[in-house]
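Read off the chains here:
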Amino acid sequence: MPMTRTIPHATASESLRFALWHTIPALLRGTFTANPRLTRLAARLDTDRRAAAVVDRMRTRYGGRSVWITGPGGRVLLVLSRGDMRRVLDAPDRIFSTATRARRRGLGLVAPHALLVSDRIADREDRRRFHDAVLAGVDRDQVRGVVAAEIGALLAATSTYTWSAADAATGRIARRLVLGDDARDDTIVTRLNRALCRDANWFGYRPGRARLDAALRRALRTRVDRYVAGAREGSLAARIRDAPRTGRTDPGGQVPYWLMAFDLLPALVTNALALLARFPEDAARAEEEAAGGGPKPFVTACLMEAARLWAPVPNLTRVTTARVPWHADRLPAGTRVLIPLSLHQRGPALPYAHDFAPRVWLDGEARRGGWVAPLSAGPAGCPGADLGVLVGTEMLAALLATARFELTAPRGTGAVPATSDVRAVRMTIRSLAGRTGVSERAVPRQRGRRRSSAAAGTNRR
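So, a few notes on the structure that sits alongside this text. Source: prediction; values computed, not measured.

What counts, and where the lines are drawn
Residue numbers run consecutively from 1 along every chain, following the written order of its sequence. Under the rules for a predicted model, residues below a pLDDT of 70 receive no local features and side-chain atom pairs below 80 are neither given nor counted, while totals for whole chains, interfaces and linings still include all residues. To get the side-chain values, all heavy atoms of the structure are used, and hydrogens and water are removed first. Strands here are runs of E lasting at least two residues and helices are runs of H or I lasting at least four, both read from the DSSP assignment and numbered beginning at the N terminus. Radius of gyration: C-alpha atoms only; globule rule: 2.2 Å multiplied by the number of residues to the exponent 0.38. Contact between two residues is taken to exist if any of their heavy atoms lie within 4.5 Å; hydrogens are not considered. Accessible areas in this description were obtained via Shrake-Rupley with a 1.4 Å probe; residue shielding takes into account the shown protein chains only. In summary, the charge assignment counts Lys and Arg as positive and Asp and Glu as negative, without counting His or the chain termini. A charged residue contributes its charge at one atom only: NZ of Lys, CZ of Arg, CG of Asp or CD of Glu. As used in this structure description, the phrase polar contact means that two N or O atoms lie within 3.5 Å; if the pair is within protein, one of them must be able to donate a hydrogen and the other to accept it, and residues adjacent in sequence are counted only when both atoms belong to side chains. By definition here, a salt bridge exists when the distance from a side-chain nitrogen of Lys or Arg to a carboxyl oxygen of Asp or Glu is within 4 Å. Using a 1.4 Å probe on the protein chains alone, a residue whose accessible area is under 20% of its type maximum counts as buried, one over 50% counts as exposed, and one in between counts as partly exposed.

Side note on the overall build of the chain
Across its full length, the chain carries 19 helices and ten strands. Taking 23 Å as the expected radius of gyration for a compact globule of 461 residues, we find that the chain reaches 22 Å, a close match to that expectation. Projected onto its principal axes, the C-alpha coordinates of the chain cover approximately 65 × 55 × 40 Å. The contacts of the chain with a sequence gap of at least 6 include a subset with a gap of at least 24, amounting to 78%. When the accessible surface of the chain is split by element, carbon and sulfur atoms take 52% of a total near 20,000 Å². Of the side-chain charges in the chain, 74 are positive and 42 negative, and the distance between the mean point of each set is 6 Å.

Below you can see the structure in the form of structure tokens.
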């Protein structure tokens, strides 16, 4: 079609197909916490593969330019250009804000004063300073010790690795690192937070829940405030006391979002572990590095590859706060911008798109290409991304240092599936004789393991 200087509009048919195979499945799977049954259905239908085909056709038809589409909530700018993606992510959040209406209605239900839902510039800047101060001084040795103890407890409790086992261990790790060792077995904190996240998936439209959600928030805040008040050194809660704050900050109100962020790790670690179980050479390299006790760049690369192949946050959304020049056009204030990250990270521009290729994180190819940003990027990126990578790397390393994992389900072959159901993964744990990479020291007390409902498919070409 002839090139024009204005932003092209997708046809009604294209908008419908994109909504059918991408937007609606993403909503049904859960924006803030996963719905297991609908995630399983999406994997069976391979909705991401179908959505990728829709996007590839639009990219070809419109010459790689970003386009207007009509979604369930109205008109949205769908970012299809690598340059446009970098422009949005690299811009200050006072221009492309994370505080979209949908995020405020959803995440705002869990943490009304969280950084990502702060629509006033002064509030965002204040809370960003607070986050940066709390997260900047994380003690890596303390993280490593907590992770080693809880992975040791996981391996001692079961001979079968599942997502649910990893999820229970991650919950203990999160509570200890965020709230302190005293919170290790306080599963009520996690249950309250996840109950709010399930309601957040409805974006405030679930009837008759307002009073209950308010009660859940109060109950969660009461427990969080108690841990913050008595926090021991080493936890994020203890660092809150010394972090800069103003009347805008609401320090305790940031904690539920931190706990939510940890909920992404079981899927990342499980997918990475399942990929390594399929590829013995990569697994041997990762095991050797994990057992060595030094830096773990290859283990981190494996974790990041799992995040590229199955993005923990499939869409990055922004909203313009004022009129923004856009090529020869302008975006009005209040324009919703959608970056379909999960599709770009496996798009045709990447020669390794559907391969398990940890090398691209070691030689910098993943970041140089401009299409890959599994944990977001830029000024509005997640302030806890580095902590999440650190904890995920230590979890994966602690597992690999002590045991070998044999994938028993799923057993498919061929290319890495576009859509994953991590709860379908099951792996037999084989002890590695003579390895003592994980320790059960510092575990306050052992809890019984939960029965699995588990986890996700992975292959590689």
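Some details on the side chain of S235
In this fold, S235 is placed in the loop between α10 (210–229) and α11 (236–240). Here A238 takes part through its backbone nitrogen, which lies 3.2 Å from a polar atom of the side chain of S235. Residue contacts for S235: discarding those within four places in its chain leaves R176, L177, V178, L179 and G180.

What about the pattern of salt bridges?
The tally for this structure, following the rule as stated, stands at 31 salt bridges. In this structure, the salt-bridge partner of E14 is R61, at a minimum N-O distance of 3.1 Å. Residue E14 is located in helix α1 (residues 12–29), and its partner R61 is located in helix α3 (residues 47–61); the two are separated by 47 residues in the primary sequence. For E14, a relative accessible area of 6% puts it in the buried group. A salt bridge links R172 to E150, with the shortest nitrogen-to-oxygen separation between them at 2.8 Å. With R172 in helix α8 (residues 163–179) and E150 in helix α7 (residues 140–157), the pair connects residues that are 22 residues apart, well separated along the chain. Look at R172 and you get buried, because its relative accessible area is 11%. Residues participating in the shared-partner salt-bridge network are E150, R172, R176, D181, R184 and D185.

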